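Report on the structure
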Amino acid sequence: MEQRTQIQLIEEIRKRITNKETELGEKETHWLVSDYYDSEQYTKEFSMIMNQPLIVAHGSEIPKVGDYISKTVMGVPIIIIRTPNKSVNAFVNACKHRGASLVLKDHGRIRKNFICPYHGWAYDMEGNLCNVPDKERSFPNLEMNCYPLSSLPVSERHGFIWVRLNQEKKSEERTVNVESFLGLQLDQEFKAYQFDQYTFYRKESWRMKFNWKCGVEQFLENYHFAFLHKDSTNWLFLHNLAICDQFQNHIRGIAPKRSVKDLFQQPVEEWDLRPNATILYTIFPLSTFFIEKSHLSLLQIFPESPETSLIEVTHIVQEDCLSKRSFWEENIRLFKAAIMEDLETCETMQVGFRTKANKHLIFGRNEVALAQYRECINKSLEEDKVKLP
Ligand code: FES
Ligand SMILES: [Fe+2]
């Protein structure tokens, strides 16, 4: 984030403290509880997500030529590889012969080719089929250049690798336009963070029983801090004071820490928002960035069924801080403890949704970002409907 934006935000925080204000929408809004378990709604949302650029890794996870990772995202097994020209390719991890997984390990490095463990077909880093054992005799009619691995649109920007999973479009699109996805303003703001200079520290994932939207929404308001986090992180933050801004479908939320008040005594040129607030970006549709002083944690909530989700957390740190292992370990422990308070609450909410005791949820005026997020989902579902043949 540029210094100019930081100063504007800190000025706004000062104003809100003085006037006892927070971000407020025009009015409360009501949202159908059935959207959190209805299977038709889920199917529409799932295919909408497949059309969005999704972050699948940080570039530093595959720093050297031939480094790859493989993982399953939204049910699609993918391989991401660093190529000789230092760019990245993304392929579906399915051999063209009889469909076996080409790669079984979750990461590794190849010298030249991927070799399928089933019958030995080989593919180069561009996904071209380059060797078929017993080709002349057994596959005399096979045109090698007609069977490259299925590739997915992929780009590396702001240090992260972004992929679009939908393969049904059959488009020739090779890259993901992250700049237009984020919008010029947010793209510039991300550029200033220089996340491409950061290094992958750790990733972990686990499954929980709630609808994916419920998980993402947990981090779009801070009204709950004084209650849900009263024994963990609440002491750090100003109560019920937030700043929210929308950038296309994405939302930036600022949760100011109590320490922000100390800045008001200092010259404006020295103001630094990062140590004095948690800066959150909800990157549509399922990723939340938590920006801290010298690291960031990326929380992603992938839908697995209408009422279950896969949670993935990736921690990225400034490279020169990499050696402070005990510091990061403690930091990650505290982060996990806090987000588990949120996510375990989601599980209780999901049980409540299922009872059908409530037809609607109410988002307060001070939970305006929740309403903005749901409007973005609805808008994207509408856009998907229009695109259908
Ligand atoms: S399935 Fe890969 S070589 Fe046969
Ligand atoms: Fe929370």
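What counts, and at which threshold
- Residues numbered from 1 in each chain as written.
- Chains lettered and ligands numbered in written order.
- Predicted model: local features only at pLDDT ≥ 70, side-chain atom pairs only at ≥ 80, totals over all residues.
- Heavy atoms only, no water.
- Helix = DSSP H or I, 4+ residues; strand = E, 2+ residues; numbered from the N terminus.
- Rg over C-alpha atoms; globule rule 2.2 N^0.38 Å.
- Buried < 20%, exposed > 50% of the residue type's maximum accessible area, 1.4 Å probe, protein only.
- Phe/Tyr/Trp six-rings, centres within 6.5 Å; stacked < 30°, edge-to-face > 60°.
- Pairing = 2+ DSSP bridges.
- Axes fitted to C-alpha atoms, helices over the stretch in contact; angles between N-to-C directions.
- Expected span 1.5 Å × (residues − 1).
- Bend = angle between axes of the 7 residues up to and from the residue.
- Polar contact = N/O pair within 3.5 Å; in protein donor to acceptor, adjacent residues only side chain to side chain.
- Contact = heavy atoms within 4.5 Å.
- Salt bridge = Lys/Arg side-chain N within 4 Å of Asp/Glu carboxyl O.
- Donors = N, O, S within 2.8 Å, 3.2 Å for Na, K, Ca; no water.
- Tetrahedral: all angles 85-135°; square planar, octahedral: opposite > 155°, others 65-115°.
- Core = buried A, V, L, I, M, F, W, Y, C linked by side-chain atoms within 4.5 Å.
- UniProt positions renumbered as here; feature names shortened; annotations may be inferred.

**Looking at the overall build of the protein chain**
Tallying secondary structure elements over the protein chain gives 10 helices and 19 strands in all. The C-alpha atoms of the protein chain give 23 Å as radius of gyration, which agrees with the globular expectation for 389 residues (21 Å, within 12%). Taken along its principal axes, the extent of the C-alpha atoms in the protein chain is 80 × 50 × 35 Å. Counting the 389 residues in the protein chain, one finds 53% classified as buried.

**Considering the packing of aromatic side chains**
Inspection of every chain in the model, using the stated rule, returns 22 aromatic pairs. Between Tyr193 and Phe195, the ring centres sit 4.9 Å apart and the planes meet at 10 degrees, which makes this aromatic pair stacked. Given a relative accessible area of 4%, Tyr193 falls into the buried group. Given a relative accessible area of 1%, Phe195 falls into the buried group. Here Tyr193 and Tyr281 contribute two aromatic rings whose centre-to-centre distance is 6.0 Å and whose plane-to-plane angle is 85 degrees, an arrangement assigned as edge-to-face. With Tyr193 in helix 5 (residues 184–193) and Tyr281 in strand 15 (residues 277–283), the pair connects residues that are 88 residues apart, well separated along the chain. Taken as a pair, Tyr193 and Tyr281 share a single burial class, namely buried. Members of the aromatic cluster, each reached through a chain of ring pairs, are Phe160, Phe190, Tyr193, Phe195, Tyr198, Tyr281 and Phe289.

**Concerning the sheet that holds strand 4 (residues 76–82)**
Taken in spatial order, the four strands of this open sheet run 5-4-3-6, and their pairing is antiparallel. Two strands close off the open sheet at either side, each with one partner strand: strand 5 (88–92) and strand 6 (107–109). Direction aside, neighbouring strands of the sheet carry axes that sit 25 degrees apart on average. Note that strand 3 (residues 67–73) and strand 4 share six bridges and pair antiparallel. When the sheet's bridge partners are listed, Ile69 is paired in strand 4 with Ile80.

**Some points on helix 9 (residues 325–355)**
With 31 residues, helix 9 should reach 45 Å at 1.5 Å per residue; the first-to-last C-alpha distance of 45 Å fits that figure. At Met340, helix 9 shows its strongest bend, of approximately 25 degrees. All buried positions along helix 9 are accounted for by Trp328, Ile332, Phe335, Ala338, Ile339, Met340, Asp342, Leu343, Cys346, Gln350 and Phe353. Of the residues one or two after helix 9, Lys356 is the one with positive phi, at around 60 degrees.

**Description of the side chain of Glu61**
Among the secondary structure elements, Glu61 is positioned in the loop between strand 2 (53–58) and strand 3. Only 3.2 Å separates the side chain of Glu61 from the side chain of Lys203, close enough to count as a polar contact. For Glu61, the contacting residues outside a window of four places in its chain are Ile69, Phe200, Lys203 and Thr314.

**A word on the pattern of salt bridges**
Using the criterion set out here, one finds 24 salt bridges in the structure. With its nearest N and O atoms 2.7 Å apart, the salt bridge here joins Arg157 to Asp187. Of the two residues, Arg157 sits in strand 10 (residues 154–157) while Asp187 sits in helix 5, which places them 30 residues apart along the sequence. Residue classification places Asp187 among the buried positions, given a relative accessible area of 0%. Salt-bridge contacts for Arg374 lead to Glu217; the nearest nitrogen and oxygen are separated by 3.3 Å.

**Quick look at the coordination of the iron ion (ligand 2)**
Only His224 (NE2), His229 (NE2), Asp342 (OD) and Asp342 (OD) from the protein reach the iron ion (ligand 2) as donors, at distances of 2.0 to 2.7 Å. Coordination at the iron ion (ligand 2) comes from four donor atoms whose angles at the metal span 53 to 149 degrees, giving a geometry best classed as irregular. Donor residues binding the iron ion (ligand 2) come from one chain and are separated in sequence as H-x4-H-x112-D. Taken together, the residues span a long stretch of sequence, with His229 in the loop between helix 7 (225–228) and strand 13 (243–247) and Asp342 in helix 9 at a distance of 113 residues. For the pair shown, His229 and Asp342 are each scored as buried.

**Quick notes on the nonpolar core**
Of all hydrophobic cores here, the largest spans 60 residues; its most connected members are Ile80, Leu165, Ile339 and Leu343. By residue number, the principal contributor to this core is helix 10 (residues 368–387), which donates seven residues. If sequence neighbours within four positions are ignored, Ile339 has contacts with Trp206, Phe219, Phe290, Leu299 and Val313. Counting 35 residues, the second largest nonpolar core, distinct from the first, contains Ile10, Ile13, Phe160 and Leu182.

**Some details on the UniProt feature "domain: Rieske" (unreviewed entry) in the protein chain**
As recorded in UniProt, the feature "domain: Rieske" (unreviewed entry) lies at residues 54–163. Annotation note: span residues 54–163, helix share 4%, strand share 40%, distance between end C-alpha atoms 5 Å.

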